[in-house]
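This is what each chain is made of:
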Amino acid sequence: MGLGVNMSRIVYVNGEYVSEESAVISVFDRGFLMADAVYEVTSVLDGKLLEFDGHLKRLKRSLSELDMQEPDAINDLLEIHRTLVRDNQVDQGGVYLQVTRGVADRDFIYPENVKSTLVMFTQSKDILGSKLVEKGMKVISIDDLRWGRRDIKTVQLLYPSMGKMMAKSAKCDDAWMVEDGYVTEGTSNNAYIIKNGKIITRAKSFAILHGITRTSVLRFAKEAQMELEERNFSISEAIDADEAFITSASSFVTPVINIDGQNISDGSPGPMTQRLREIYLDESIKTAI
Ligand code: PMP
């Protein structure tokens, strides 16, 4: 189906492969009523899944942090991902996976003995060819008004969505969120700066999502003898940096060249960022399954 969006997809809902038009979940699903749900997005290049093990491990951690039951199909997830990619002829794009606590009458107390809901679908998208790789991203800074357990990958994405809309209104590409004077992360990515050859990014904590791409990029950077420092940085330090970039499963490593209207260096993508992107793509394609 190429990259078209008009063809009907086959999606997965609780053990069944069905057409997207006939896929349904209950109005009493807690994912719908309470955002009581977690998700993962695994990128696809050349019809292969990137970083599958990392995504599965983080999914299990998110479920466990929320005392949410693993779905019955937990051991079949690789096979389901592959079936969806194959049957929907996804060459490039991603597989979205969501687990909710399941269906129960509306109540703040978690229901007992309820099976979790598992929904998965594919999105065909040109994820390699983003214009932002050459142009670099412009970001705005906004207050981080999200809840306090951002390490759990929940579907509570309204504030990140508002952040992207604020960026869009400002004719920018994304927003970096700031808490207590320091950047936490982008609306859907981790944030980095480079100063005097050193890569600086916030350390893992409850304040940020522990990006799968982040873990790999930091490992590859270390292997390439690049200097790293995991610590907080402010917007003014970022504007003063030599380079800046973001990482995520679907954007890999993408340069940031302007923050709040101020250029970083000369306002063009930096060489270390470009090198990190190449290394990340080479290495992650090698382990794609
Ligand atoms: N932070 C946030 C808030 C995100 O939504 C994402 C994307 N899921 C990331 C960071 C990057 O994580 P990953 O590299 O696992 O895609």
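Residues numbered from 1 in each chain as written. Predicted model: local features only at pLDDT ≥ 70, side-chain atom pairs only at ≥ 80, totals over all residues. Heavy atoms only, no water.

A few words now on empty space enclosed by the protein. Across all of its chains, the model carries 1 cavity of 30 Å³ or more by this definition. Looking at the largest cavity, its volume works out to about 50 Å³. Lining the largest cavity, in full, are Glu40, Thr42, Phe52, His55, Leu56, Leu59, Leu77, His81 and Leu97. Of all the secondary-structure elements, those providing two or more residues to the lining of the largest cavity are strand 3 (37–45), helix 2 (52–65) and helix 3 (77–87). The leading source of residues in the lining of the largest cavity is helix 2, at 4 residues. Here the lining of the largest cavity is built from residues that sort into 5 nonpolar, 3 polar and 1 charged. (1 Å grid on protein atoms, 1.4 Å probe; cavity = no way out; pocket = protein on both sides within 12 Å on 5 of 7 lines; lining within 4 Å. Points joined across faces, edges and corners; volume = space filled by probe spheres on them. Helix = DSSP H or I, 4+ residues; strand = E, 2+ residues; numbered from the N terminus. Nonpolar A, V, L, I, M, F, W, Y, C, P; charged D, E, K, R; others polar.)

Within the structure, the ligand sits among 16 residues, and Arg58, Lys153, Glu185, Thr213 and Ala249 are positioned closest to it. Take Glu185: an N or O atom from its side chain is 2.6 Å from a nitrogen atom of the ligand. The separation between an oxygen atom of the ligand and a polar side-chain atom of Thr213 is 2.6 Å. Burial of the ligand by the surrounding chains reaches 91%, relative to a free accessible area of 390 Å². Of all elements in the fold, only strand 9 (182–186), helix 6 (212–223) and strand 13 (243–248) reach the threshold of two or more residues within the shell around the ligand. Of the residues contributing to the shell around the ligand, the split by class is 3 nonpolar, 9 polar and 4 charged. (Near = heavy atom within 4 Å. Polar contact = N/O pair within 3.5 Å; in protein donor to acceptor, adjacent residues only side chain to side chain. Areas by Shrake-Rupley, 256 points an atom, 1.4 Å probe, with all protein chains shown as cover.)

Turning our eyes to something else, we now look at the environment of Glu70. Here Glu70 is to be found in the loop between helix 2 and helix 3. As for Glu70 and Arg101, which are separated by 31 residues in sequence, their C-alpha atoms are 9.1 Å apart. Those residues in contact with Glu70, other than ones at most four positions away along the chain, are Lys60, Leu63 and Ser116. (Contact = heavy atoms within 4.5 Å.)

Quick look at unusual backbone geometry now. Of note, Asp67 is a non-glycine position whose phi angle comes to about 50 degrees, a positive value. Along the polypeptide, Asp67 turns up in the loop between helix 2 and helix 3. The phi dihedral of Asn113 falls on the positive side, at around 50 degrees, and the residue is not glycine. Residue placement: Asn113 occurs in the loop between strand 5 (93–100) and strand 6 (117–124).

To continue, consider the layout of surface pockets. Here the second largest pocket defines a volume of roughly 490 Å³. Along its surface, the second largest pocket is lined by 22 residues, and Glu51, Asp53, Gly54, Ile212 and Ser216 are the ones closest to its centre. Those elements that provide at least two residues to the lining of the second largest pocket are helix 2, helix 6 and helix 8 (271–286). The residue inventory of the lining of the second largest pocket, partitioned by class, reads 7 nonpolar, 6 polar and 9 charged.

Once that is clear, we can look at the sheet that holds strand 5. With antiparallel pairing, 6 strands are arranged side by side in an open sheet as 2-1-6-5-3-4. Looking at the sheet topology across the chains shown, the edges are occupied by strand 2 (16–19) and strand 4 (48–49). In this structure, strand 1 (residues 10–13) lies alongside strand 6, joined through 2 bridges in antiparallel fashion. Opposite Tyr12, over in strand 6, you have Met120 as the bridge partner. (Pairing = 2+ DSSP bridges.)

The values are spatial; any link to function lies outside them.
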